[in-house]
Each structure stands twice: as C-alpha cells, then as structure tokens.
Amino acid sequence: MPEPGPHRRALLTLPADTAVGGDERSYGLGPELARAATRFGRTLGEAGLLHVTGVRVPPVLPPTPDRPYAELGHPIGTESPLLALASLVGEVISFADWHAGARVQNLYPLRGEASRQNASNAVYLEMHTETAFRPNTPDALVLLCLRADERVGTLVCDLLDVWAGLDPGTRRALAEPAFAFRLPGGTLTEPKPVASQWRGRLRFNYAEALCAAGEEYERPLRALRAGIEERTVTVTLRTGDLLLIDNTHLVHGRTAYRPRYDGTDRWLQRCLIRAAA
Ligand SMILES: [Fe+2]
C-alpha cells in the first residue's frame, strides 16, 4: 500500500489530555482536544481525519451487548463528553430510523446482522460516506472505541487525494447525476452526482454499491473505485481511540472479522454531526 500524499496532512494523531478537573468517574475531554475539535469543525470540507489516542473510557465496561442498544439504553459514562466534543465540531444530529433516534449510537457486532452491510456486521464493511445521498447526510462523524479488537481494521480514504489523480473527463462524469443504487427488483434509485459543490468546496457522496446509470459512466466509476483501493489506509483502533471523520471528503469502511458474540467484542460509540451554519 503506497504512502498517501496529502492524506498525511489530514491524518493527525493527537494524544488526549487528562480529564478536565475530573475524578475517577469523569470522562471529560481536555483543552487541547477541545481546540482541535473546534478547528476541525471550522475546516470541514478539508478537515480530513483526526485520530486521538488516550481518551479516558471506563476501565470496567459491561459485556458488549448482544442486542440493539435501544433495548438496553443505560449510559456508559462517555456519552456527555462525546456529545460535548461533537458539539464543538457542529450540531449533533440523529435519524429516527437509525438506533431509535439516539444521538450517541452504540456499534458492535450482532449475530443477526453478520452478513448485512451495516456497522454491526462481520463481513467487509464496504467503503462509503455516511448515509450517502440522504437529504440530511452528516458533514462529520466521531467514533470512540470503548472496547478494541486489534484484529479489525478501520479503513479510510481521502477522496480529495483520489480526485487529484483523476483525469478531467472522469471528474466531469462523476459530477453528473448518473450514479444510483440498484433496488432488489432491479430498478435504480434516482441518479445523483458522486461529486458536487458544498460551501464552495468539493463534496462527495459514495458507496461501493453504487452503479452507473448509463454505460458511459461505468469507466469513471471504476476509475474512482480503483483510486480508493489504491489510497485506502488502515487504522487500528485501540481502547480510548477517537476518530473525527470529515464526511464531505472521506470514505470509511472496516475489514471483515470474526466476532465472538461472547461479551468481549469490539464496541464503538458514534455521533453524527452537521456543520455549523
Ligand atoms: Fe459508516
């Protein structure tokens, strides 16, 4: 895998400060991280990826649940600081049909979801911008690792880097409303552009499952996929690692793995964020 170019600028690692005036039960976030989150929010559109290590999480966690968190609902202790951090980036949003509308979403493998394309699966999670083409697609997301599984790789790719390597014809095609999802019956959803404008910058909506609505768009889509494959980097999340992802120009995914479904599986918390007006 080649060393990414501009991605190195985007892929920052920041050790978290100790909790703000915290005691043993407090999971506050330090001033350096607060400043970095504020800066991240101000630069959305080119903020890339911020990888923070050493965020304080409860030393003793309950077992990783075996059913959707909406059925459990008790807080872990990291929810308030995570919401506070996300609020420095922008406005935390949620969807009524996702995680029962929760603003802090708990992600872990579920046996019944193993082969689906969602964050609770066990198969390769395809590269995507979060909720691609949805009317209220988030501009950023934050992931906090409560319980790690070092066999698992979080995959990220900066589409601005990929774009820089594409020829003008391919770029023009990707900016046309010509990309859609194929529904089970074979019909396509309304075709939309992969590349569009947002606040004077390029914005991408992408999912590996996209198909071209027209033969002339197949090669550009293949070129984009090849660029993503070439420039994807793997981040191994450890307990207390936090990722801020600029969803306007990064795609993310996850390697396949074998969950144990015994209470020791990987467990993340996530917030979806809309940029401040
Ligand atoms: Fe995702």
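Here the structure is a predicted model, which is why all the values come from computation and not from measurement.

Student: Mind showing me how you'd approach the nonpolar core here?
Tutor: Across soluble globular proteins, nonpolar side chains have a tendency to be buried as a group. Grouped together as the largest cluster of nonpolar side chains are 33 residues, with contacts concentrated most on Phe40, Leu44, Val89, Val142, Leu242, Leu244 and Cys271. Listed by contribution, the elements that provide at least two residues to this core are helix H2 (31-42), strand S2 (49-53), helix H3 (79-89), strand S6 (140-147), strand S13 (242-246) and strand S15 (267-275). For this core, the leading source of residues is H3, giving five residues. In contact with Leu242, other than residues within four places in its own chain, are Leu50, His51, Val52, Val55, Leu82, Leu85, Val142, Leu143 and Leu144.

Student: How should the layout of surface pockets be read in this particular structure?
Tutor: Rolling a probe over the atoms, with the probe sized like a water molecule, indicates the empty space that remains. Computed from the structure, the largest pocket encloses a volume of approximately 1,100 Å³. Around the largest pocket, the lining is made up of 48 residues, and of these Trp98, His99, Asn118, Ala119 and Arg270 lie nearest the centre. Elements represented by at least two residues in the lining of the largest pocket include exactly H3, strand S4 (105-107), strand S5 (125-128), S6, strand S14 (250-254) and S15. Ranked by residues supplied to the lining of the largest pocket, first place goes to S5 with four residues.

Student: Looking at this structure, how should I read the pairing of S6?
Tutor: On a regular strand, each side chain points to the face opposite its neighbour's, so the side chains alternate between the two faces of the sheet. Among the eight residues in S6, eight count as buried, and that is most of the element. In this sheet, S13 lies alongside S6 in antiparallel orientation, the contact comprising five bridges. By the bridge assignment, Leu143 is partnered in S13 with Leu243.

Conventions adopted
- Residues numbered from 1 in each chain as written.
- Predicted model: local features only at pLDDT ≥ 70, side-chain atom pairs only at ≥ 80, totals over all residues.
- Heavy atoms only, no water.
- Core = buried A, V, L, I, M, F, W, Y, C linked by side-chain atoms within 4.5 Å.
- Buried < 20%, exposed > 50% of the residue type's maximum accessible area, 1.4 Å probe, protein only.
- Helix = DSSP H or I, 4+ residues; strand = E, 2+ residues; numbered from the N terminus.
- Contact = heavy atoms within 4.5 Å.
- 1 Å grid on protein atoms, 1.4 Å probe; cavity = no way out; pocket = protein on both sides within 12 Å on 5 of 7 lines; lining within 4 Å.
- Points joined across faces, edges and corners; volume = space filled by probe spheres on them.
- Pairing = 2+ DSSP bridges.

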